[in-house]
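Survey of secondary and tertiary structure
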Amino acid sequence: MSRGSRIGTVGMTLIFVVLGFFPLYGSDRMQVTLVQVLTYLTLAIMWNLLAGYSGLVSVGQQGFIGIAAYSMFSMSELNSIDPFVSVPLSAMVCAAISIPVALLVFRLRGGYFAIGTWVVAEVFRLLTLEINVLGAGNVQSLTTKNAFSGYGLEVRKNLVFWSAWMLAIGATLTTIFVLRSRLGLALQAVRDDADGARGLGVDITRVRMIIWMIVAAWTGATGALIHINSATVTNRDAFSVASWTALVVFIVIIGGVGSTIGPYLGVGVYWIITEQLKQQNTWRFIVLGALAATMSVVSPKGIAGLIHRWKPFEIFPVTRRLEVGKE
Amino acid sequence: MTVLEVRDVSKTFVGPVLEGMSFSVENGEAVGIVGPNGAGKTTLLNVVVGDVTPDVGSVWFKQQNITALPSNHRCRLGIAKASQIPRPFDGLTVFENVLTAATFGRVGDRSHDEDVAVESLVTTDLLAKANSVAGSLTLLDRKRLELARALASQPTVLLLDEIAGGLTEAEVHVLVEKVSQIHRAGMTIVWIEHVVHALMKVAERLIAMSFGQKIADGNPSHVMADPAVREVYLGVEGE
Ligand SMILES: Nc1ncnc2c1ncn2[C@@H]1O[C@H](COP(=O)(O)OP(=O)(O)O)[C@@H](O)[C@H]1O
Ligand SMILES: [Mg+2]
């Protein structure tokens, strides 16, 4: 590990540790923002793993957010499962549903794949409109009588924060673990040249399926938590392509697609802009979109690419370096 | 023992590219394939590795019909190809490129993956570039990497498609030495090459192709002296 990597890893660990105690010293307003930042960080890390490292440019990740929102709702409000327990359960639901989805969309290539994922997400949205127990499209609330029974407001708020914090840490560790494993090697080979990777023995459907399920699960867990936080499930918002895919794509492009550090840099920019524009979501969307468009022209590898040009080092050591001196 | 056999393969894209093509390779043999541009040589190797499905005919590896087997399985069985146009995994390093082949294309003890990868880099003189990003390589190094990746999968049969194309005379000389060395170590080789004098140094048998068909097969000097082959070649050189 290089010196830069070591400093980066220690720094990142410190930031997460300090963040973990935030509810004990931080302001309520800031805590609300941080939950947003951490959930977007998790979504960005996962989309980067999918599109940046595996070449699966999905624009249908909102489908898993929506499915998770409704699965969390039916578990915790309609049934007696603890809402925070429903988070990992919703992740599993998304992983399971992602299998038939993959069998369908993996037949498509490039732009058709992207459109396919979006269409599938839209189909799931329309399906939930037809299900009466899920409110048939009307706004559904998590109530203190059912889902939140036994939870005080303060406890709930802190549990949401720590869950978001754990999801972001988990997503970070998952990225490092996946990219350092055999799977990570295969994924990047498939991304760069799928036929070539197959010719060298890689089972491309299998490796794509594995990463697709991992990302669906984490996206689902995040989706469930987002809706526990908002305490409502609205059909249009839960399946919003703008909120759960476009904004995430902007963040990753600004930070750096296919760079482990990209999502963190991108979400940093997201944070600054959110702070500047307070709650004007439309303007935030426009500014981030414009920034992403500019970035894709100026530096296709985002801020991470600019930093790399200036000083090449990896904060997360995921490249397999051969120590030639040893041989 | 016959290790590889192509039986009566035909393939039509826009026009016919392979027409009733057959050939077989014995274990440990080095076979050269020559023929003018567009004769169907590359397509033939693509049929062998599974990148192209023949319209009719079959491919056999060690007495097993592999015609329906996908290319990743064929690689693991022991067939590897260095393509005419190298396409490395650009975002990975040179080492990671060969490690992919050693890890997924090779059946055996996983703890040897890195050693096998390193060995292939040593053979192809790429060790010094191990940590370079493959996308930044020169043409010569890309060709070396293409060969290194095929070697790292530790094949039984190594297929080479014009790996000397575009190299200088001195580079070709070094390459011929490498291929002979690999062959002497026991590797079965099928080598397509336009640079015939390079091929003649390694091949023990020569197959000549024209318009998707085999027009000669046998001792290299006999094949090159064959009137049909001379006509095809003189035709090319006369242009
Ligand atoms: N995938 C393909 N689609 C259409 N035509 C092809 C394809 N691959 C090869 N061909 C055609 O097949 C013929 C033989 O090509 P090839 O096998 O590359 O010949 P060679 O390697 O002997 O020069 C050429 O006319 C080429 O245009
Ligand atoms: Mg060719």
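Residues numbered from 1 in each chain as written. Chains lettered and ligands numbered in written order. Predicted model: local features only at pLDDT ≥ 70, side-chain atom pairs only at ≥ 80, totals over all residues. Heavy atoms only, no water.

This next bit is on the overall build of chain A. Tallying secondary structure elements over chain A gives 15 helices and two strands in all. Over its C-alpha trace chain A gives a radius of gyration of 20 Å, about what one expects of a compact globule, namely 20 Å for 327 residues. With respect to the three principal axes, the spread of C-alpha positions in chain A is 65 × 50 × 35 Å. Of all 327 residues assigned to chain A, the portion counted as buried reaches 53%. When contacts within chain A are restricted to residue pairs at least 6 apart in sequence, long-range pairs at least 24 apart make up 78% of them. Put simply, chain A shows about 14700 Å² of open surface, and 67% of that area lies on carbon and sulfur atoms. Side chains of chain A carry 24 positive and 15 negative charges; the gap between the two charge centres is 5 Å. (Helix = DSSP H or I, 4+ residues; strand = E, 2+ residues; numbered from the N terminus. Rg over C-alpha atoms; globule rule 2.2 N^0.38 Å. Buried < 20%, exposed > 50% of the residue type's maximum accessible area, 1.4 Å probe, protein only. Contact = heavy atoms within 4.5 Å. Areas by Shrake-Rupley, 256 points an atom, 1.4 Å probe, with all protein chains shown as cover. Lys, Arg positive; Asp, Glu negative; His and termini not counted. Charge placed at Lys NZ, Arg CZ, Asp CG, Glu CD.)

It is worth spelling out the pairing of strand S2 (residues 16-26) of chain B at this point. All names here are of chain B. Of the pairings in the sheet, the one linking strand S1 (residues 2-12) to S2 comprises seven bridges and is antiparallel in character. Bridge pairing in S2 links Lys-11 to Leu-18. The hairpin formed by S1 and S2 contains three residues between the paired strands. (Pairing = 2+ DSSP bridges.)

Residue and element names in this part refer to chain B. Contacts to ligand 1 come from Phe-13, Val-17, Pro-36, Asn-37, Gly-38, Ala-39, Gly-40, Lys-41, Thr-42 and Thr-43. For ligand 1, an oxygen atom lies 2.8 Å from a polar atom in the side chain of Lys-41. At 2.5 Å from an oxygen atom of ligand 1 is found a side-chain nitrogen or oxygen belonging to Thr-43. Taking 560 Å² as the accessible area of ligand 1 by itself, protein coverage stands at 57%. Ranked by the residues each element gives to the shell around ligand 1, the list is headed by helix H1 (residues 41-49), at three residues. (Near = heavy atom within 4 Å. Polar contact = N/O pair within 3.5 Å; in protein donor to acceptor, adjacent residues only side chain to side chain.)

On to unusual backbone geometry, then. At Asp-125 of chain B, a residue that is not glycine, the phi angle is positive and equals roughly 60°. Residues other than glycine seldom take positive phi values, yet Phe-211 of chain B does so here, at roughly 45°.

What follows is about helix H6 (residues 169-184) of chain B. Residues spaced three or four apart along an α-helix face the same direction, because each turn holds 3.6 residues. Residues and elements named next belong to chain B. The end-to-end C-alpha separation of H6 is 22 Å, in line with the 22 Å expected for 16 residues at 1.5 Å each. Residues Val-172, Leu-175, Val-176, Lys-178, Val-179, Ser-180, Ile-182 and His-183 constitute the buried set of H6. For H6, the secondary structure elements touched by its buried residues are strand S3 (30-34), helix H4 (113-123), helix H5 (139-152), strand S7 (157-161), strand S8 (188-192) and helix H7 (196-202). Among the residues trailing H6, Gly-186 stands out with phi positive, at a value near 115°. (Expected span 1.5 Å × (residues − 1).)

Okay, the packing of H4 of chain B against H5 of chain B next. All names here are of chain B. At a minimum axis distance of 9 Å, the contact between H4 and H5 shows a crossing angle of 140°. As the angle between them shows, H4 and H5 are arranged oblique. Of the two elements, H4 crosses H5, and the hand of that crossing is right-handed. Contact with H4, carried on its side by Val-116, Ser-120, Leu-121 and Thr-123, involves Ala-148, Leu-151 and Ala-152 of H5 and no other residues of that element. Residues that form the contact of H4 with H5 fall into these classes: five nonpolar, two polar and no charged. (Axes fitted to C-alpha atoms, helices over the stretch in contact; angles between N-to-C directions. Parallel < 35°, antiparallel > 145°, perpendicular 65-115°, else oblique. Left-handed = near helix turned anticlockwise from the far one by under 90°. Nonpolar A, V, L, I, M, F, W, Y, C, P; charged D, E, K, R; others polar.)

Turning to the interface of chain A and chain B, a few remarks are in order. Across the boundary between the two partners, chain A contributes 23 residues, which contact 26 residues of chain B. Where chain A touches chain B, the interface holds two salt bridges. For the pair chain A and chain B, the interface holds five residue pairs in polar contact (both at pLDDT 80 or more). For the side of chain A that touches chain B, the elements supplying multiple residues, two or more each, are helix H8 (182-192) and helix H9 (194-199) of chain A. The element contributing the most residues to the side of chain A that touches chain B is H8 of chain A, with seven residues. Looking at the side of chain A that touches chain B residue by residue, the class counts come to nine nonpolar, five polar and nine charged. (Salt bridge = Lys/Arg side-chain N within 4 Å of Asp/Glu carboxyl O.)

This next bit is on the sheet that holds S1 of chain B. Strands pair in a sheet through their backbones, by hydrogen bonds, and they do so in one of two ways: parallel or antiparallel. Residues and elements named next belong to chain B. If you walk across this open sheet you meet the four strands as S2-S1-S4-S5, and the pairing is antiparallel. Each edge of the open sheet carries a strand with a single partner, namely S2 and strand S5 (64-65). The strands that H1 touches are S1, S2 and strand S4 (56-61); relative to S2, the one it contacts most, it runs at about 60°.

What follows covers the sheet that holds strand S10 (residues 213-218) of chain B. Residue and element names in this part refer to chain B. Strand order in this open sheet of six strands is S6-S7-S8-S3-S9-S10, and the pairing throughout is mixed. Unpaired on one side and paired on the other, strand S6 (79-82) and S10 mark the two borders of the sheet. In this sheet, adjacent strand axes meet at a mean angle of 15° when their direction is disregarded. Looking at chain direction, S3 and strand S9 (residues 205-210) are connected through four bridges and run parallel. Across the sheet, Gly-32 pairs through a bridge with Leu-206, a residue of S9. Where H1 meets the sheet, it contacts S3, S6, S7, S8 and S9, and its direction lies at approximately 150° from that of S7.

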